[in-house]
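Descriptive structure summary
This is what each chain is made of:
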Amino acid sequence: MPLIEAEPYPFELMPQCAALLIIDMQRDFLEPGGFGESLGNDVGLLRRTIAPIQAVLAAARDAGLTIIHTREGHRPDLADLPAAKKARGKPALAIGDRGAMGRLLVRGEPGHDIIPELRPLPGEPIVDKPGKGAFYATDLEAILRNRSIRQLIVCGVTTEVCVNTSVREANDRGYDCLVLADCVGSYFPEFHQAGLAMIKAQGGIFGWVGRSQAVIAALTERSTR
Ligand code: TIU
């Protein structure tokens, strides 16, 4: 059983019941002209996560792990968009408005796509989520149950918003989450740090925090054995 260096204590990876969960690595959050920028954020801050996620993704694919991608977004008719979410922050461009990459945070638009560097392969489930949490109003739990998944290795953006919300949802449902610090990112460095601290505090109240290299080493050792 690979033991992965993590805080608050090593994570016992069980590869046969673990999934790599990559949260919302979409053009809308990582490229200029999308939803993230419409909220007043510097989207360049998230790009340091791309190379380490690519490396973990490659190792997870080689090791045969289940890989699940999520995307935050809404139906083109916006019927699943709460009025409060659309109004929040009074942005000049709101969800559903037309931006440089199509309608902001709307399914089927170019900005809603996962960035090309992390394009899903056929057979890797993509979970479309209308909220910040990956479990709310999605079939993620059914997918995990059908594959007997009990552990989640978590990557994606942003640390304190969709990553934290999803990890909290997963924790309440009985999943063990290992969040990779170099594979999650925020528009606010201080929120990134606090978001990770909150997960691992109190003996790992929501889960574990580790780094990509430790996971890659464990998976590589396993796939070459
Ligand atoms: N995916 C995700 O985190 N959605 C957000 O809206 N994040 C922000 O930090 N705004």
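Summary of the structure given here. Just so it is clear, the structure is predicted and the values come from calculations on it, not from any experiment.

The subject of this paragraph is the overall build of the chain. The helix and strand inventory of the chain stands at eight helices and 11 strands. Since a compact globule built from 225 residues should have a radius of gyration of about 17 Å, the 17 Å found for the chain is in line with a globular shape. Considered along the principal axes of its C-alpha atoms, the chain spans approximately 50 × 35 × 30 Å. Here the analysis covers contacts within the chain between residues at least 6 apart in sequence; of these, 73% occur between residues at least 24 apart. By element, 53% of the accessible surface of the chain is carried by carbon and sulfur atoms, the whole surface being about 9900 Å². For the chain, the distance from the average site of its 25 positive side-chain charges to the average site of its 27 negative ones is 3 Å.

Turning our attention to the pairing of strand β9 (residues 151–157). By the criterion of burial, β9 is predominantly enclosed, with seven of the seven residues buried. Here strand β4 (residues 18–23) runs beside β9; their pairing, made up of six bridges, is parallel. Its bridge partner being in β9, I22 is matched across the sheet by C155. Inspection of the sheet shows β9 paired to strand β10 (residues 176–185) by six bridges, in the parallel sense. Looking across to β10, one finds that L152 is bridged to C177. At this point the chain moves from β9, through helix α6 (residues 159–172), to the parallel β10, and the crossover so formed is right-handed.

Turning our eyes to something else, we now look at the site of the ligand. Close to the ligand lie D24, F29, F35, L39, E72, K132, V157, T158, V161, C162 and Y187. K132 is positioned such that a nitrogen or oxygen atom in its side chain is 2.9 Å from an oxygen atom of the ligand. Here the shell around the ligand is built from residues that sort into seven nonpolar, one polar and three charged.

What follows deals with the sheet that holds β4. Judged by pairing direction, the sheet is mixed, and its seven strands sit side by side in the order β2-β11-β10-β9-β4-β5-β8 without closing on themselves. Each of the sheet's edge strands pairs with one partner strand only, and the pair in question is β2 (6–7) and β8 (126–129). Sheet topology note: the strand β5 (residues 66–72)/β8 ladder contains four bridges and is parallel. Within the sheet, the bridge partner assigned to T70 lies in β8 and is V127. In the packing of helix α7 (residues 189–204) onto the sheet, the strands contacted are β2, β10 and β11 (208–210), and the crossing angle to β10 comes to about 165°.

The next subject is the nonpolar core. If you look at the biggest cluster of nonpolar residues, it comprises 42 residues, and the most contacted ones within it are L20, M25, F29, L30, L178, L180 and L219. Elements with a minimum of two residues in this core: β4, α1 (27–30), α3 (50–63), β9, β10 and α8 (212–224). Of all the elements, α3 adds the most residues to this core, at seven residues. Those residues in contact with L178 that sit more than four places away from it in its chain are I4, A6, F11, L152, I153, V154, W208, V209, G210 and V215. Membership of the second largest hydrophobic core comes to 26 residues, among which are C162, A170, I199 and F206.

Time to look at the packing of α6 against α7. It is the contact of α6 with α7, at a shortest axis distance of 9 Å, that shows an interaxial angle of 15°. By the angle between their directions, the pair α6 and α7 is classed as roughly parallel. The handedness of the crossing between α6 and α7 comes out as right-handed. Here T159, E160, N164, V167 and R168 of α6 come into contact with α7, specifically with F191, H192, G195, L196, M198 and I199. Of the residues assigned to the contact of α6 with α7, the class counts are five nonpolar, four polar and two charged.

Criteria and thresholds
Residues numbered from 1 in each chain as written. Predicted model: local features only at pLDDT ≥ 70, side-chain atom pairs only at ≥ 80, totals over all residues. Heavy atoms only, no water. Helix = DSSP H or I, 4+ residues; strand = E, 2+ residues; numbered from the N terminus. Rg over C-alpha atoms; globule rule 2.2 N^0.38 Å. Contact = heavy atoms within 4.5 Å. Areas by Shrake-Rupley, 256 points an atom, 1.4 Å probe, with all protein chains shown as cover. Lys, Arg positive; Asp, Glu negative; His and termini not counted. Charge placed at Lys NZ, Arg CZ, Asp CG, Glu CD. Buried < 20%, exposed > 50% of the residue type's maximum accessible area, 1.4 Å probe, protein only. Pairing = 2+ DSSP bridges. Right-handed = clockwise from strand over helix to strand, strands pointing away. Near = heavy atom within 4 Å. Polar contact = N/O pair within 3.5 Å; in protein donor to acceptor, adjacent residues only side chain to side chain. Nonpolar A, V, L, I, M, F, W, Y, C, P; charged D, E, K, R; others polar. Axes fitted to C-alpha atoms, helices over the stretch in contact; angles between N-to-C directions. Core = buried A, V, L, I, M, F, W, Y, C linked by side-chain atoms within 4.5 Å. Parallel < 35°, antiparallel > 145°, perpendicular 65-115°, else oblique. Left-handed = near helix turned anticlockwise from the far one by under 90°.

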